[in-house]
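# Observations on the model geometry
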Amino acid sequence: MKNGMAWLKKITGMRLFLPLFSVFLVLIINVVYDAVQGNYALEFFRLELKEGALYGRIIDILNRGSEAAILAIGMTLVVSSSAGTDISVGSVMSLAGSLCCMLLAGFGVTHVREIGDLQMPIFVGVLAGIAVASLCGLFNGFLVAKMKIQPMVATLIFFTAGRAIGLLLTNNKMVYIHLDEFKVFGGKLWIFPTPTVIAAACILIMVLILKTTSLGMYVQSVGINPRASRIAGINSTAIILLCYVICGLFSGVAGIVATSRIYSADSNNIGLNLELDAILAVALGGNSLGGGRFNLAGSIIGAYTIQAITTTMYALGVAKAQAPVYKAIIVILIVVVQSPVVKAFFARRRAQKLQAYAVAGRS
Amino acid sequence: MVMDKEVVLSMRGICMTFPGVKALNNVDFTLREGEIHALMGENGAGKSTLIKCLTGVNDFEKGEIFFGKDQHPIRNHSTLDAQKNGISTVYQEVNLCPNLSVAENLFIGREPLTRFGTINRKGMISRARELMKKLDIQVDVTQTLENYSIAMQQMIAIARAVDMDCKVLILDEPTSSLDDKEVEKLFTLMRSLRDEGIGIIFVTHFLEQVYAVCDRITVLRNGQLVGEYEIADLPRLRLVAAMMGKDFDDLQSIKSKEDEQVSDEKLIEARGLSHARKIKPFDLDIHRGEVVGLTGLLGSGRSELARCIYGADRAQTGHMKVKGKEVRINAPIDAMRLGMGLLPDDRKAEGIVEDLSVRENIMLGMQSLAGVVKRIPMEKQMEITKHYIDLLEIKTPSTETLVKQLSGGNQQKVIIARWLATDPDFLILDEPTRGIDVGTKTEIQKLVVQLARQGKSVIFISSEIEEMLRTCNRLAVLRDGEKVGELTENLTQESVMKVIAGGERS
């Protein structure tokens, strides 16, 4: 009994408890629904190999959640260091995709069907897309770190202009690249969906960077107290700038993935509203949007949670138009459970219980 | 005579635990109306915690609070609750909104309204002016608060508390950033409030101030009540002994004759450095193994001079040599690479990174010297952190405790550890002992002398002349943003005061 309590306390005290708890909640809903419907109860977890590719609801979530997860990496750093959000990431994704497709197809060309028609090797186009996204990040970072403009205002510029520039580049048309070599980024790699692999790679790289350098400490230090950090020798401006560049870079990667999925530059729709998912992912991960300490794992789990909710909705047969309503309800629940007020409530309850134990023990 | 007065507040058996620390253990406290009651104790003794339990910032586990003439039980759940109950607090660090005007700060949350329910700005401003006049504080109430010095902001915070019709006024280290004249003004105010029947709880580290203004003393140690005393029954030495639980070498000299010898080697030669509106061009030489004190009234440019050398505020004119080499310092990191370190006077704003752990706070300086790519291995971080926790006797539950959970003195030690870890040649300590208990104060002073013995140079800035006399080889005196003189011989309190006050220059 006592051991059980200690165990429970240890689990609930963990930093990742709530993000993991929310994922768990979504899973339970799925299992219960399947059971009630008379389906195989563990339908949610079923994996199968069809035509050399893995299928299953979990794979679907991991696949579709890739872009949000990639964005959440950069967003976490931006939120931590500058106590603000980069709302341009969705537009920058679309800009990266548009530039990539335009470079590959050539200006004004709307369809590429033969590899010989490409204007340049695919990897050059992809790198150019990622590079332009990084430049957008640099611009945002310059405005925030150097000019001290509020992050939301600074990134509002590319939020509005990003898609328009994309349309300029593609001459207001959809640009299709009907080539398997291009589709691969949104397709499959061996038996896995490529987006999942790319997301995993991005996460891995970032984790390695955080483990082997002191970037994490710098970013948090600057986010908590930029003045003290400066006195201690940290170049706060450079750190914030770097975070925005990293955020831009990952937006570019996400943009390429999203573009490759539909093998076309669709400036108006790629990454639409995805900045909100990325920000929500950071918040769901238990990170304060007021900057400071961050938890990358939390953000990533948050991103997949959002996708899990969406996928669950569709599995439950909720119409696409109504899905956001249910999504909102679940988000409210998760956010309220994580709120300081509720946390304080449970902390008080625990203290009272402990006191009751102490009193009981004495008598 | 004080005994006859009626009890306005009594706290009985207060217990409070923080993770890993028993902060308060069965503490009693009694306050009578019309008395000034000093709450004394070293850092971490539980003074601030007790205050916070009273004002509802902390939720204590056990105990009761009785309030008013009828001694009805109360329990505050927030400072707002406390204010409504007639308990106002002015904290150690100014808790006002720097971007609002003085008048707005005075009336925030209780703004006078017009008939239409909007804020009556005119009324607010005129009431603010009246209040300021009554308290003899010279400010323009329409100016934004951040235009005023910390000292002035503190006075305004007190004015706000005073104006809120309180029966109990808590002053938590209000004098740490005031100069003597301002302190005297505050005391006058406190005495007149006492005569009006308000009970005042006065938390301070300055022993003289306790004896200057208080009627009664309650001493805490390690979260426990040591005792409550009439001021006449507790001479200074016994108070110190009660606080520390041991004898105390406050008045002992910590410097020996040899410490007066400094090498001829110049570590720093500053010529004509200045920063617009903050510090006029100054020259300053600092030798190896020397402790140079910067003295002057608050706002005389003491901190600014040091910040100019360190590059915290970039020097706009002049040039500087370090170890005989011409250097250009654009940012603190440049100064750090030259072997400098700065402990800033505002610990909360520029010293600690409050949400980072003790370890991270200590490692910050070393790590930024190493650069972002070369992360110092975790074993080495732990080794260094533990070394300094032992060396400076930092009281912390663990290396991973967030630094904001430590008491003020221990936070200060963490920042000192941060700089010692970088093995600097030249350390600037700006008010390192402010808001710190007597025991730690002496430790820090000894540390300064020891650093000098090791051939390091120190700039030491303090509002307490006595403390400077004990540690410094030489004093540079500042007045109105200008370096007006240097004193090397016959350092006495009087001679220094004379130069600070003006008149002849030495």
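Everything below is about the structure shown above.
In what follows, the accompanying structure is described. (Residues numbered from 1 in each chain as written. Chains lettered and ligands numbered in written order. Predicted model: local features only at pLDDT ≥ 70, side-chain atom pairs only at ≥ 80, totals over all residues.)

## Some thoughts on the overall build of chain B
Helices and strands together make up the secondary structure of chain B, namely 17 helices and 20 strands. The C-alpha radius of gyration computed for chain B amounts to 24 Å, which stays within 12% of the reference 23 Å derived for 506 residues, consistent with globular compactness. In terms of its C-alpha atoms, chain B occupies a principal-axis envelope of roughly 70 × 50 × 50 Å. Out of the 506 residues in chain B, the part that is buried amounts to 47%. (Helix = DSSP H or I, 4+ residues; strand = E, 2+ residues; numbered from the N terminus. Rg over C-alpha atoms; globule rule 2.2 N^0.38 Å. Buried ≥ 20, exposed ≤ 12 C-beta atoms within 10 Å, placed from the backbone.)

## A short note on unusual backbone geometry
Phi is positive for A:Glu51, close to 45°, though the residue is something other than glycine. When you line up the elements, A:Glu51 lands in the loop between β1 (48-50) and β2 (53-55). Owing to 7 C-beta atoms within 10 Å, A:Glu51 belongs among the exposed residues under this scheme. Phi is positive for B:Asp423, which is not a glycine, with a value near 50°. Following the sequence through the fold, B:Asp423 ends up in the loop between α14 (408-421) and β17 (426-430).

## A word on the pairing of strand β19 (residues 474-479) of chain B
All names here are of chain B. Across four bridges, strand β13 (residues 291-295) lies against β19 in parallel orientation. The partner of Leu294 across the bridge, within β19, is Ala476. In this structure, β19 lies alongside strand β20 (residues 482-487), joined through five bridges in antiparallel fashion. Note that in β20 the partner of Ala476 across the bridge is Glu486. Between the end of β19 and the start of β20, which pair antiparallel, lie two residues, with Asp480 showing a positive phi angle near 50°. (Pairing = 2+ DSSP bridges.)

## Considerations on the interface of chain A and chain B
Contacts between the two partners involve 23 residues from chain A and, on the opposite side, 26 residues from chain B. At the level of elements, α10 (215-224), α11 (226-231) and α16 (340-362) of chain A are the ones that each hand at least two residues to the side of chain A that touches chain B. Looking at which element gives the most residues to the side of chain A that touches chain B, the answer is α10(A), with six residues. Its residues assigned to classes, the side of chain A that touches chain B comprises nine nonpolar, eleven polar and three charged. (Contact = placed C-beta atoms within 7 Å. Nonpolar A, V, L, I, M, F, W, Y, C, P; charged D, E, K, R; others polar.)

## Concerning the sheet that holds strand β2 (residues 21-32) of chain B
Residue and element names in this part refer to chain B. One open sheet holds the four strands; their spatial order is β2-β1-β4-β5, and the pairing between them is antiparallel. Looking at which strands have only one partner, the edges of the open sheet turn out to be β2 and β5 (72-74). Across this sheet, the average inter-strand angle for adjacent strands is 25°, counted without regard to direction. Examined bridge by bridge, strand β1 (residues 7-18) and β2 share eight bridges and lie antiparallel to one another. (Axes fitted to C-alpha atoms, helices over the stretch in contact; angles between N-to-C directions.)

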